Amino acid sequence: MTDALIHAIDTRRAALIGLAQDLIRIPTLNPPGRNYREICDYLSTRLIAQGWTVELIRATGAPGDSDAYPRWNMVARMDSGRPGDCVHFNSHHDVVVVGHGWTRDPFGGVLDGDRIYGRGACDMKGGLAASLIAAEAFLATTPGWRGSIEISATADEESGGYGGVAYLAERGHFSPDRVQHVIIPEPLHKDRICLGHRGVWWAEVETHGRIAHGSMPFLGDSAIRHMGAVLEEIEDHLYPLLESRTTAMPVVPPQARQSSLNINSIHGGEAEPPEGSTALPAPCVADRCRIVLDRRFLIEEAVDEVKAEMRAVLDRVQERRPTFRYTIRDLFEVQPVMTDRDAPVVRSTAAAIERVLGQVADYVVSPGTYDQKHIDRIGRLKNCIAYGPGLLHLAHQPDEWVGVQDMADSSKVMALVLHDLLG
Ligand SMILES: [Zn+2]
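These notes cover the structure that comes with them.

1. Looking at the coordination of the zinc ion
For the zinc ion, the full set of protein donor atoms is H92 (NE2), D123 (OD), E186 (OE) and E186 (OE), and the range of their distances to it is 1.8 to 2.7 Å. Coordination at the zinc ion comes from four donor atoms whose angles at the metal span 52 to 146 degrees, giving a geometry best classed as irregular. We note that the donor set of the zinc ion lies within a single chain, spaced as H-x30-D-x62-E. Within this pair, whereas D123 is found in helix α4 (residues 121-141), its partner E186 is found in the loop between β7 (181-184) and β8 (192-197), the two being separated by 63 residues in sequence. Accessibility classification places D123 together with E186 in one group, the buried group.

As structure tokens, this is what we get:
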């Protein structure tokens, strides 16, 4: 029974390659959000011809949406007419900027040996192609299947997903009464099941001082020196504390298996003259200094504790420095998520990996977030994983590529999951 399904994917190898190439050749660059309508039209033409019901949804009013760069999304649904679960494959269709260092045409979709090159090849048009072929092979070989299948191609994952999955989730597209299983074919490698991601908190910390002439700094109060004391406190006390924490989250790479803190930027004092200008900078004591913090946290940590810990750092500095004043402002936060290993979509995918690859699946967690955050928080759907072909470290790099054999193998895994859950 499943032999026919696996064979159906082998016979579609050329179609799989052609589909991935076609998708790569539509440059859906984000920013600014180019050709979103074109890629949705391309996919919907293919799916409508096979009998899928397709909705094109523009995320009107979402960040980045404009008439010049409309945020288009596509959701396709195939209903068996028989009761059963719905399995949803969600891929983002946007790709990041090309950047420097390419030796291949980033939008050529060139096949060389086992590799297809291009921006978005692994992140994640290869995964999108693999999920489509999986669904097509399943439908062709499984008469009498139950439930429904959905395939979505969504906007703006690379810029937070607010014009994509978040927009759809807010409108009920991922509510548990409509969708029961979600697979996001991000490039996590074909033998790995990604259960979720760490949490994020971005904040801006500003120290306040008093401006004075630079020749008489004793008349002022330097916000930069205050910030220096903050950085020292972080260095001496917060970093060792974060590094001492352990987690049950199997984050890869293993160095990310702890809390982390990046100081994204620092700005203090008067603005400097523009580059190339011959003007001298202003001779002033800095009356303010700002840093932006990027704190990644674990499922064992509550976001309120994470924030309180940073305020405690600032309060300790205040105890030592009588004129120290600060403000702290939240910029962005995402809760950590980790799907249970016993969730139906996890067990089904693990069994399929063993069948196709002859090895036990690896369970991983991503150091950074992706669209699962919206499905979890807004959609309230917990039965969700990322699983797809490609190597994560190639994403966003020059000469990005996806392996044809990897795409075919992960397509087989996805087809077997459909067979298990809907067959
Ligand atoms: Zn991606």
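2. Concerning the packing of helix α2 (residues 13-24) against α4
Relative orientation of the contacting elements α2 and α4 amounts to 140 degrees, with a least axis distance of 9 Å. Taken together, α2 and α4 sit at an angle that is classed as oblique. In the packing of α2 onto α4, the handedness of the crossing is right-handed. From α2, A15, L16, L19, A20, L23 and I24 reach across to α4, where they touch A121, K125, L128, A129, A130, L132 and I133. Taken together, the residues of the contact of α2 with α4 break down into twelve nonpolar, no polar and one charged.

3. What about the sheet that holds strand β5 (residues 115-117)?
Read across the sheet, three strands follow the order β4-β5-β16 without closing on themselves; strand pairing throughout is antiparallel. Edge strands, defined here as strands with exactly one partner in the open sheet, are β4 (111-112) and β16 (401-403). Where β5 and β16 come together, three bridges link them in antiparallel fashion. Residue pairing across strands places R115 opposite G403, the latter belonging to β16. The strands that α2 touches are β4 and β5; relative to β5, the one it contacts most, it runs at about 15 degrees.

4. Some thoughts on the environment of I6
Counting through the fold element by element, I6 comes out in helix α1 (residues 2-10). Setting aside its immediate chain neighbours within four residues, I6 contacts R355, K412 and L416.

5. Concerning the sheet that holds strand β11 (residues 288-297)
The four strands are arranged β10-β11-β9-β12 in an open sheet whose pairing can be described as antiparallel. Unpaired on one side and paired on the other, β10 (260-268) and β12 (325-334) mark the two borders of the sheet. Across the sheet, the mean angle separating the axes of adjacent strands is 15 degrees when strand polarity is ignored. Contacts from helix α6 (residues 223-243) reach β9 (199-208), β10 and β11, with the element oriented near 175 degrees to β10. Those strands touched by helix α7 (residues 303-320) are β9, β10, β11 and β12, and its axis lies near 165 degrees from that of β12.

6. Observations regarding the environment of M414
With respect to the secondary-structure elements, M414 resides in helix α10 (residues 404-422). Given a relative accessible area of 1%, M414 falls into the buried group. Ignoring anything within four residues of it in the chain, the contact list for M414 reads F89, G127, A130, S131, A134, P185, Y387, G388 and P389.

7. Considerations on the packing of α1 against α4
Between α1 and α4, whose axes approach to 9 Å, the crossing angle comes to 130 degrees. By the angle between their axes, α1 is oblique relative to α4. Between α1 and α4 the crossing geometry is right-handed. Contacts from A4, L5, A8 and I9 in α1 reach A134, A137, F138 and T141 in α4. Its residues placed into classes, the contact of α1 with α4 shows seven nonpolar, one polar and no charged.

8. Quick look at a negative patch on the surface
There is a patch of like negative charges on the surface, built from E232, E235, D236 and E243. Looking at the element boundaries, D236 is found in helix α6.

9. Details of the pattern of salt bridges
For the coordinates displayed, the defined rule picks out 29 salt bridges. Between D330 and K307 there is a salt bridge whose closest N-O contact spans 3.1 Å. Taken together, the positions of D330 in strand β12 and K307 in helix α7 put the pair 23 residues apart, joining distant regions of the chain. Relative accessible area serves as the criterion here: at 43%, D330 is assigned to the partly exposed category. When the shortest N-O distance is used, the salt bridge between E333 and K307 registers 2.6 Å.

10. Structural notes on α1
By the burial criterion, the buried members of α1 are T2, L5, I6, A8 and I9. Down the axis of α1, the buried set is contained in an arc of 155 degrees. They therefore lie on one face. Residues of α1 that are exposed and point more than 90 degrees away from the buried face comprise D3 and H7. Buried residues in α1 make contact with α2, α4, α8 (344-357) and α10.

11. Notes on α7
Spanning 18 residues, α7 covers 27 Å between terminal C-alpha atoms, matching the ideal 26 Å at 1.5 Å per step. If you check which residues of α7 are buried, you get V303, V306, K307, E309, M310, V313, L314 and V317. All buried residues of α7 project into a common sector of 155 degrees when viewed along the axis, lining one side. Opposite the buried face of α7, at more than 90 degrees from it, the exposed residues are D304, E305 and E319. On its buried face, α7 sits against β9, α6, β10, β11 and β12.

12. Notes on the pairing of strand β2 (residues 72-79)
A large share of β2 lies buried, amounting to six of its eight residues. Relative to β2, strand β1 (residues 53-58) is paired through six bridges, and the arrangement is antiparallel. Pairing of L56 across the sheet is with M74, part of β2. As judged from the six bridges shared by β2 and strand β6 (residues 148-154), these two strands associate in the antiparallel manner.

Calculation criteria
Residues numbered from 1 in each chain as written. Predicted model: local features only at pLDDT ≥ 70, side-chain atom pairs only at ≥ 80, totals over all residues. Heavy atoms only, no water. Donors = N, O, S within 2.8 Å, 3.2 Å for Na, K, Ca; no water. Tetrahedral: all angles 85-135°; square planar, octahedral: opposite > 155°, others 65-115°. Helix = DSSP H or I, 4+ residues; strand = E, 2+ residues; numbered from the N terminus. Buried < 20%, exposed > 50% of the residue type's maximum accessible area, 1.4 Å probe, protein only. Axes fitted to C-alpha atoms, helices over the stretch in contact; angles between N-to-C directions. Parallel < 35°, antiparallel > 145°, perpendicular 65-115°, else oblique. Left-handed = near helix turned anticlockwise from the far one by under 90°. Contact = heavy atoms within 4.5 Å. Nonpolar A, V, L, I, M, F, W, Y, C, P; charged D, E, K, R; others polar. Pairing = 2+ DSSP bridges. Patch = residues over 30% accessible without salt bridge, like charges linked within 9 Å, V, L, I, M, F, W, Y side chains within 5 Å. Areas by Shrake-Rupley, 256 points an atom, 1.4 Å probe, with all protein chains shown as cover. Salt bridge = Lys/Arg side-chain N within 4 Å of Asp/Glu carboxyl O. Lys, Arg positive; Asp, Glu negative; His and termini not counted. Charge placed at Lys NZ, Arg CZ, Asp CG, Glu CD. Arc of directions from axis to C-beta. Expected span 1.5 Å × (residues − 1).

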